[in-house]
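Chain and residue survey
Listed below, chain by chain, are the residues.
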Amino acid sequence: MDIEFQEFLNKDIGYGNTLKNKKMKLLNEIKESIKKDKQFLEQATDIDFKKWKKKIDFDIFSNIIDEYIETEKKNHTAMLEEGNSQIEKIVISYYGNPYVTFILCIQAIINQKQLLLEAGEFMLSTNTFIINMINQILQENHLPKLLTHCIEIVEEKSIIEKEIKTIIIGATQNKAKYLGKYIYIPYNNYIIYCVDEELEELSNSIYDYAFNNFFEAEVLFEEDIEEAIEIINLKKDCIAVILTKDINLQNLFKERIQNKLYINENPFVKEEINIPVNCLEIKKEK
């Protein structure tokens with residue numbers, strides 16, 4: 001990791017003589033590789049499942065790449081010109097969700113960015129496979145490797161000193177590490193409020209799933225309904241999960257809570273893939 005980190009830190013790269021349609025070619029090759037190498041991707045997820053118990057829906061990867069290909073077809077008016085322009089470096093700090101990894105890799109190609117992905121140990125085999133697959137496609141097209149993967153950056157001061165753009169996705173505990181020199185993007189951060197005791201089992205199962213799958217989740221224990229609503233609304237980045245059988249309270253929460261809201265539902269029946277399409281282009285607020 002030290003060598004790769006130092007290369008990311010100190011070695012600038014450019015696209016060289018990039019063909020105008022290179023992005024579309026790369027995206028289509030990623031799409032084909034997802035199909036062709038599915039058994040190897042499955043092997044990687046099987047290794048991770050033994051430790052993390054996270055099930056991967058392979059169709060989501062296909063859906064993600066299809067959506068980006070369709071978007072690029074619509075927006076493919078501004079072509080890349082030949083040249084050797086320097087590629088911006090970005091550090092991404094997140095919890096290692098493989099869907100997020102895949103989206104970031106695609107956005108690196110579309111937006112021509114060099115990424116250092118600080119992803120922790122969660123789903124390590126799956127993330128390593130995704131990153132290596134896409135780096136290989138880049139190299140086969142005579143393009144530089146855009147993606148560097150690490151479990152944890154221990155030299156974050158070098159990132160800060162060089163003023164390398166840093167984006168934290170969902171991992172609020174990493175904010176202190178980068179001393180305010182970051183852009184924060186929420187990703188499936190939950191706040192759970194259970195009013196009825198008979199729904200505590202559901203509350204516990206939702207929290208346990210979030211914990212085991214590295215989604216941040218906070219359980220509110222406030223007895224005062226008004227206070228709970230106020231706390232939830234202050235946490236604008238969070239998705240609210242309310243558990244109550246009281247119809248009047250359900251309506252009250254629907255009226256008053258400003259966040260995305262689930263009532264008496266498990267929000268993980270289908271994982272929300274809510275990464276902004278312009279994630280790498282977001283600027284830090286001054």
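As the structure is a prediction and not an experimental result, all values here were calculated from the model.

Remarks on helix α8 (residues 200–212)
Taking 1.5 Å of rise per residue, the 13 residues of α8 would be expected to cover 18 Å, and the 18 Å separating its terminal C-alpha atoms lies within 8% of that figure. By the burial criterion, the buried members of α8 are S203, I206 and A210. An end-on view of α8 places all buried positions within 65° of arc, on one side of the element. Relative to its buried face, α8 has exposed residues pointing more than 90 degrees away, namely E201 and F211. One or two positions beyond α8, positive phi appears at F214, with a value near 55°.

With respect to the packing of helix α9 (residues 225–234) against helix α10 (residues 247–256)
Direction vectors running N to C along α9 and α10 enclose 35°, while the axes themselves pass 11 Å from each other. Pair α9 / α10 crosses with right-handed handedness. Each of I225, E226, I229 and N233 in α9 lies in contact with α10, whose residues at this interface are L249, L252, F253 and R256. Here the residues of the contact of α9 with α10 sort into five nonpolar, one polar and two charged.

Digging into the packing of aromatic side chains
In this structure the tally under the stated criterion is 13 aromatic pairs. Taken together, a centroid distance of 5.3 Å and an interplanar angle of 85° make the contact between F61 and F102 edge-to-face. With F61 in helix α4 (residues 58–75) and F102 in helix α5 (residues 98–111), this residue pair connects regions lying 41 residues apart in the sequence. Taken individually, F61 and F102 each receive the classification buried, so the pair is uniform in this respect. Ring centres of Y95 and F214 lie 5.9 Å apart, and the angle between their planes is 55°; this geometry places the pair in the tilted category.

Quick look at the nonpolar core
Formed by 66 residues in total, the largest nonpolar core has its most connected members in I92, F102, L104, I134 and I169. Among the elements that take part in this core, α5 stands out by supplying ten residues, more than any other. Once residues lying within four places of it in the same chain are set aside, the contact partners of I134 are I30, F102, C105, I109 and L147.

A look at the environment of Y262
Of note, Y262 is situated in strand β9 (residues 261–263). Considered as a pair, Y262 and E155 are 107 residues apart in the sequence and their alpha carbons are 40 Å apart. Beyond its immediate sequence surroundings of up to four residues, Y262 is in contact with I239, A240, V241, I242, P267 and E272.

Quick notes on the confidence of the model for the protein chain
On average, residues of the protein chain score 89 in pLDDT, and 93% of them are at 70 or above. Low pLDDT, under 50, characterises residues 78–83; the predicted model gives this stretch 14 contacts beyond four residues in sequence or across chains.

The rules behind these values
Residues numbered from 1 in each chain as written. Predicted model: local features only at pLDDT ≥ 70, side-chain atom pairs only at ≥ 80, totals over all residues. Heavy atoms only, no water. Helix = DSSP H or I, 4+ residues; strand = E, 2+ residues; numbered from the N terminus. Expected span 1.5 Å × (residues − 1). Buried < 20%, exposed > 50% of the residue type's maximum accessible area, 1.4 Å probe, protein only. Arc of directions from axis to C-beta. Axes fitted to C-alpha atoms, helices over the stretch in contact; angles between N-to-C directions. Left-handed = near helix turned anticlockwise from the far one by under 90°. Contact = heavy atoms within 4.5 Å. Nonpolar A, V, L, I, M, F, W, Y, C, P; charged D, E, K, R; others polar. Phe/Tyr/Trp six-rings, centres within 6.5 Å; stacked < 30°, edge-to-face > 60°. Core = buried A, V, L, I, M, F, W, Y, C linked by side-chain atoms within 4.5 Å. pLDDT = per-residue confidence, 0-100.

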